[in-house]
Amino acid sequence: MAPPTEVLVQTSPETNPHVPKRTTVKALVESDGLTSIPSNYSYATHPNESDASDPNDTIPTIDFSLLNSGDPHQRSKVIQDIDKACQEWGFFMLVNHGVPETLMKAVLAGCNEFFNLPMEEKMEFATKDIWKPIRFGTGVDIKVEKFFFWRDFVKVIAHPEFHCPSKPQGFSEVVQEYCKRSREVTMELLKAISESLGFEENYIDKAMNLKSGWQIFAANLYPPCPQPELAMGIPAHTDHGLLTLLIENGIGGLQIQHNGKWFHVNPLPNSFLVNTADHLEILSNGRYKSIMHRAVVNSKSTRISIATANGPSLDTTVCPALELVDNENRPAAYIPMKYKDYMDLQLEGKPGLEHVRLPVV
């Protein structure tokens, strides 16, 4: 996912005659003679973004098939592993999840074809309104960062109603099947997480009204950058919602924060990278953390990533589960807030978690 305010870049043809007035990073890269990035894409002046390294510890790997193996001891062990991963990392790799590799490759290929459509066909979906069911553009958060991200995106609302561009041919059908299958995986994971928190397996489903839950399909395109050390695909952020599932086209770029340091993530082939998001932190009263992560770019290869974000229904008010609150020893750490209002907060450039997190007494 990404920080909130996203619009299309306006580039003056007087500044660069090779770039159309209304452009994207892909168009910028494909313009003649690009050897350096425009100054409004430079992120190097931000001191908080330290370099990343490869982690000494390995990001936890969860074998999804063991959740449904029929062996209660195996299931119990996997739930304990998920609990540990959510507490210590906020990220884990999910293998043997049952989503066909052919489908994962097809949806990545379909996204690549979409980004290769003529500009005017993509521009039909250009909008500043995040509540539009289909949005295309270039990420920029002018209110907060005053610079442009090295990323183009397409985002669709996939649940409770499915939306998708009709081009390229077959794209909508592939995205719909992928969203359906990844949502099924998410629902099973949330059953396990309900149990890891000490509840019956349908607790989160019922409490968050997941039958009307919000699912967003977001495809990101990171073209090669002539000065990758200066640019940023997506700056450090956390995701709203409960769980985000991410896949990519084999080109690394995701970095996560762990124990105060930034680490490169090298996901296993055909795996989902799963991260706990803001509303799982709130619901668990801080037991599970929504972890900062970011996307960096490179000078050689185009990276495509696909994130499916899964949240409560828009009208669900999220607060710490009462069973996890003890007013004396473990008071509520977050104020209640309706999910839609939380997302609106982000649109105003306010970090949502900081807005709902109560001060420690």
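Given the structure is predicted, the values throughout are model-derived calculations rather than measurements.

Thresholds, definitions, all that
- Residues numbered from 1 in each chain as written.
- Predicted model: local features only at pLDDT ≥ 70, side-chain atom pairs only at ≥ 80, totals over all residues.
- Heavy atoms only, no water.
- Buried < 20%, exposed > 50% of the residue type's maximum accessible area, 1.4 Å probe, protein only.
- Helix = DSSP H or I, 4+ residues; strand = E, 2+ residues; numbered from the N terminus.
- Pairing = 2+ DSSP bridges.
- Right-handed = clockwise from strand over helix to strand, strands pointing away.
- Core = buried A, V, L, I, M, F, W, Y, C linked by side-chain atoms within 4.5 Å.
- Contact = heavy atoms within 4.5 Å.
- pLDDT = per-residue confidence, 0-100.
- Axes fitted to C-alpha atoms, helices over the stretch in contact; angles between N-to-C directions.
- Parallel < 35°, antiparallel > 145°, perpendicular 65-115°, else oblique.
- Nonpolar A, V, L, I, M, F, W, Y, C, P; charged D, E, K, R; others polar.
- Left-handed = near helix turned anticlockwise from the far one by under 90°.
- Expected span 1.5 Å × (residues − 1).
- Arc of directions from axis to C-beta.
- Polar contact = N/O pair within 3.5 Å; in protein donor to acceptor, adjacent residues only side chain to side chain.

Caption draft 1: Here's a closer look at the pairing of strand E4 (residues 91-95). Across the five residues that make up E4, a large majority, five, are buried. Burial of the side chains of E4 extends over both faces: Phe91, Met93 and Val95 are buried on one face and Phe92 and Leu94 on the other. Strand direction decides the pairing type here: strand E3 (residues 61-63) and E4, joined by three bridges, are parallel. In the strand pairing of E4, Thr61 is matched with Met93. The handedness of the E3 to E4 crossover, carried by helix H2 (residues 72-88), is right-handed. One ladder, built from four bridges, connects E4 with strand E12 (residues 272-276); its direction is antiparallel. Paired with Phe92 across the bridge in E12 is Val274.

Caption draft 2: Focus on the nonpolar core. With 66 residues, the main nonpolar core has Leu189, Ile193, Ile204 and Phe217 as its most contacted residues. No other element matches helix H5 (residues 171-196), which puts nine residues into this core. Residues contacting Leu189, with those up to four places away along its chain left out, are Phe64, Leu67, Ile82, Phe92, Leu94, Leu243 and Val274. Counting twelve residues, the second-largest nonpolar core is a separate cluster that includes Leu28, Phe148, Tyr222 and Ile234.

Caption draft 3: Molecular detail of the confidence of the model for the protein chain. Across the protein chain, the average pLDDT comes to 88, with 87% of residues at 70 or higher. Ignoring residues within four places in sequence, the model shows residues 2-22, a span with pLDDT below 50, making 59 contacts including any to other chains.

Caption draft 4: Looking closely at the pairing of strand E7 (residues 214-222). Buried residues dominate E7, accounting for nine of its nine residues. The alternating pattern of E7 places Trp214, Ile216, Ala218, Asn220 and Tyr222 and Gln215, Phe217, Ala219 and Leu221 on opposite faces, both of which are buried. Across seven bridges, the pairing between strand E6 (residues 148-159) and E7 is antiparallel. Pairing of His159 across the sheet is with Gln215, part of E7. Sheet topology note: the E7/strand E14 (residues 303-311) ladder contains nine bridges and is antiparallel. Within E14, the residue paired with Gln215 across the bridge is Asn310.

Caption draft 5: Layout of the environment of Ser42. Mapping Ser42 onto the fold places it in the loop between helix H1 (25-30) and E3. Overall, Ser42 belongs to the partly exposed group, its relative accessible area being 22%. Along the primary structure Ser42 and Leu230 are separated by 188 residues, whereas in three dimensions their C-alpha atoms are 5.2 Å apart. When sequence neighbours within four positions are dropped, the list of residues in contact with Ser42 reads Ile37, Phe147 and Leu230.

Caption draft 6: Layout of the side chain of His279. Looking at where His279 falls in the secondary structure, it is placed in helix H7 (residues 278-283). Looking at His279, the relative accessible area reads 1%, which means it is buried. Setting aside residues up to four positions removed in sequence, His279 forms contacts with His240, Gly241, Leu242, Val318, Tyr339 and Tyr342.

Caption draft 7: Fine view of the packing of H2 against H5. Two elements in contact, H2 and H5, have axes separated by 9 Å at closest approach and are oriented at 85°. Comparing the axis directions of H2 and H5 gives the class roughly perpendicular. In this structure, H2 uses Arg75, Ile79, Ile82, Asp83 and Cys86 to contact H5, whose residues at the interface are Leu189, Ala192, Ile193, Glu195 and Ser196. Here the residues of the contact of H2 with H5 are counted per class, giving six nonpolar, one polar and three charged.

Caption draft 8: Representation of the packing of helix H3 (residues 101-115) against H5 within the structure. Where H3 meets H5, the closest approach of the two axes is 9 Å, and the angle between their N-to-C directions is 135°. The orientation of H3 with respect to H5, classified from their angle, is oblique. The two elements H3 and H5 meet at a crossing, and its hand is left-handed. Together, Leu103, Met104, Ala106, Val107, Gly110, Cys111 and Phe114 of H3 and Phe171, Val174, Val175, Glu177, Tyr178 and Arg181 of H5 make up the contact between the two elements.

Caption draft 9: Here's a closer look at H3. Helix length check: H3, at 15 residues, gives a terminal C-alpha distance of 22 Å against a target of 21 Å (1.5 Å per residue), a fit within 8%. Taken residue by residue, H3 has Leu103, Met104, Val107, Leu108, Gly110, Cys111, Phe114 and Phe115 as its buried positions. The arc enclosing the buried residues of H3, seen along the axis, measures out at 160°, which places them on a common side. Summarising the geometry of H3, the exposed residues directed more than 90 degrees from the buried face are Thr102 and Lys105.

Caption draft 10: Just H2, in detail. Its 17 residues place the ends of H2 24 Å apart at the C-alpha level, agreeing with the 24 Å of an ideal helix rising 1.5 Å per residue. When we look at burial in H2, the residues that qualify are Arg75, Val78, Ile79, Ile82, Asp83, Ala85 and Cys86. For H2, the angular spread of buried residues about the axis comes to 165°, placing them on one side. Residues of H2 that are buried sit in contact with E3, E4, H5 and E12. Looking at where H2 begins, the residue whose side-chain oxygen comes 2.9 Å from the main-chain nitrogen of His73 is Asp71.

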